[in-house]
Amino acid sequence: MALPAEKTSFTFADYLSWNENEHIELIDGEAVMMAPPSTAHQLISGELFRQLANFLEGKKCRAIPAPFAVRLFEGEDDTPADVQTVVEPDISVICDRSKLDEHGCKGAPDMVIEILSPSTRRHDRLVKLNLYQRAGVKEYWIVSPSEQTVEVFLLKDGWLVPHGFYEKDGIAKVNVLEGCFIELSKVFGE
């Protein structure tokens, strides 16, 4: 479905009416079209999700893969027409289950993972880093398939600051989940 040309600002109410097969995020009311992910992207995402989901089995936190709508700044009394920012992180970890509803996550996840692609590199490193910081995401991972690295940012005094850098054979610590480590050799495997 094409977005209406005469409209320049959108809300979550508009988002809910769009085709589910379209990959669109809303950033302060602006619709941002997302390219379909590559095979490498999906394999990396699947392995990260598998390791997180296995660790979280029987625990209160949930790992949820994209597509999954995260309304970072939605307030308690907001309606869909009030919400102007909706992102679809590659993987979200949510420990407060009251944030989950039929449409996704209301508020900031505890952890977000974004997997870079040529078309999203700048968006993930600048725009989304800023959004996640403003929303209070506690841990943000930027995964680079081409470099086979993971950059970890942690929220400190309202800022997402670099905390760790891992290469393809490393073991990455998930700081918001005590005792959780991700084997990157499996993530970046063949």
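Since the model is a prediction, treat every value here as computed from it, not as a measurement.

A. How the structure looks around helix 3 (residues 121-135). Relative to the 21 Å expected for 15 residues at 1.5 Å per residue, helix 3 spans 20 Å between its end C-alpha atoms, a close match to the ideal helical length. At Lys128, helix 3 shows its largest kink, close to 35 degrees. Taken residue by residue, helix 3 has His123, Asp124, Lys128, Leu129, Leu131, Tyr132 and Gln133 as its buried positions. Where helix 3 is buried, its residues touch strand 1 (24-27), strand 2 (30-33), strand 8 (111-115), strand 9 (139-144), strand 10 (149-156) and strand 11 (159-167). One or two residues past the end of helix 3 sits Gly136, with phi positive at roughly 90 degrees.

B. Inspection of the sheet that holds strand 6 (residues 100-101) at higher detail. One open sheet holds the three strands; their spatial order is 4-7-6, and the pairing between them is mixed. The open sheet has two edge strands with one neighbour each: strand 4 (70-71) and strand 6. Here two bridges tie strand 6 to strand 7 (residues 104-106), and the two strands are oriented antiparallel to one another. Each bridged residue has a counterpart across the sheet, and for Leu100 the counterpart in strand 7 is Cys105.

C. Spatial organisation of the sheet that holds strand 8. Across the sheet, six strands lie side by side as 3-5-8-9-10-11; this open sheet has mixed pairing. Since the sheet does not close on itself, it has two edges, and those belong to strand 3 (62-65) and strand 11, each with one partner. In this sheet, adjacent strand axes meet at a mean angle of 15 degrees when their direction is disregarded. Here six bridges tie strand 9 to strand 10, and the two strands are oriented antiparallel to one another. In the strand pairing of strand 10, Tyr140 is matched with Phe153. Of the strands in this sheet, strand 3, strand 5 (91-94), strand 8 and strand 9 touch helix 2 (residues 39-56), which is tilted by about 165 degrees from strand 3.

D. Examining the pattern of salt bridges more closely. Summed over all chains, the structure comprises ten salt bridges. When the shortest N-O distance is used, the salt bridge between Glu74 and Arg71 registers 2.5 Å. On the basis of relative accessible area, Arg71 is assigned to the buried category, the value being 1%. For Glu74, the salt bridge is made with Lys106, and the minimal N-O distance between the two is 3.9 Å. With Glu74 in the loop between strand 4 and strand 5 and Lys106 in strand 7, this residue pair connects regions lying 32 residues apart in the sequence. Here Glu74 falls in the buried class, since its relative accessible area comes to 15%.

E. Seen up close, the state of the cysteines. Scanning the model with the defined rule gives one disulfide in all. A sulfur-sulfur separation of 1.9 Å characterises the disulfide bridge that pairs Cys61 with Cys95. Judged by the torsion about the S-S bond (105 degrees), the Cys61/Cys95 disulfide is right-handed. In this pair, Cys61 sits in the loop between helix 2 and strand 3 while Cys95 sits in the loop between strand 5 and strand 6, placing the two residues 34 residues apart along the sequence. As a non-bridged cysteine, Cys105 has Cys95 as the owner of its nearest cysteine sulfur, 11 Å distant. Cysteine Cys180 shares no disulfide, and the gap to the nearest cysteine sulfur, in Cys61, comes to 9.8 Å. In this structure Cys180 comes out as buried when scored by relative accessible area, which is 1%.

Calculation criteria
- Here, residues in each chain are numbered from 1, in the same order as that chain's written sequence.
- With the structure being a predicted model, the display of local features is reserved for residues of pLDDT at least 70 and the display and counting of side-chain atom pairs for 80 or more, all residues being used for whole-chain, interface and lining totals.
- Side-chain figures throughout are based on the complete set of non-hydrogen atoms in the structure, without hydrogens or water.
- Under the DSSP-based scheme used, a helix requires at least four consecutive residues in state H or I and a strand at least two consecutive residues in state E, with every element numbered from the N terminus.
- To estimate the expected span of a helix, subtract one from its residue number and multiply by 1.5 Å.
- Two axes are fitted around each residue, one to the seven residues ending there and one to the seven starting there, and the angle between them is reported as the bend at that residue.
- Burial classes: relative accessible area under 20% of the type maximum marks a residue as buried, over 50% as exposed, and values in between as partly exposed (1.4 Å probe, protein chains only).
- What makes two residues a contact is simply this: any of their non-hydrogen atoms within 4.5 Å.
- A pair of strands is considered paired only if DSSP assigns at least 2 bridges between the two.
- Axis lines are fitted to C-alpha atoms, over the contacting stretch for helices. Their N-to-C directions set the angle, which ranges from 0 to 180 degrees.
- What counts as a salt bridge is simple: a side-chain nitrogen of Lys or Arg found within 4 Å of a carboxyl oxygen of Asp or Glu.
- The term disulfide is used for any two cysteine sulfur atoms that are within 2.5 Å.

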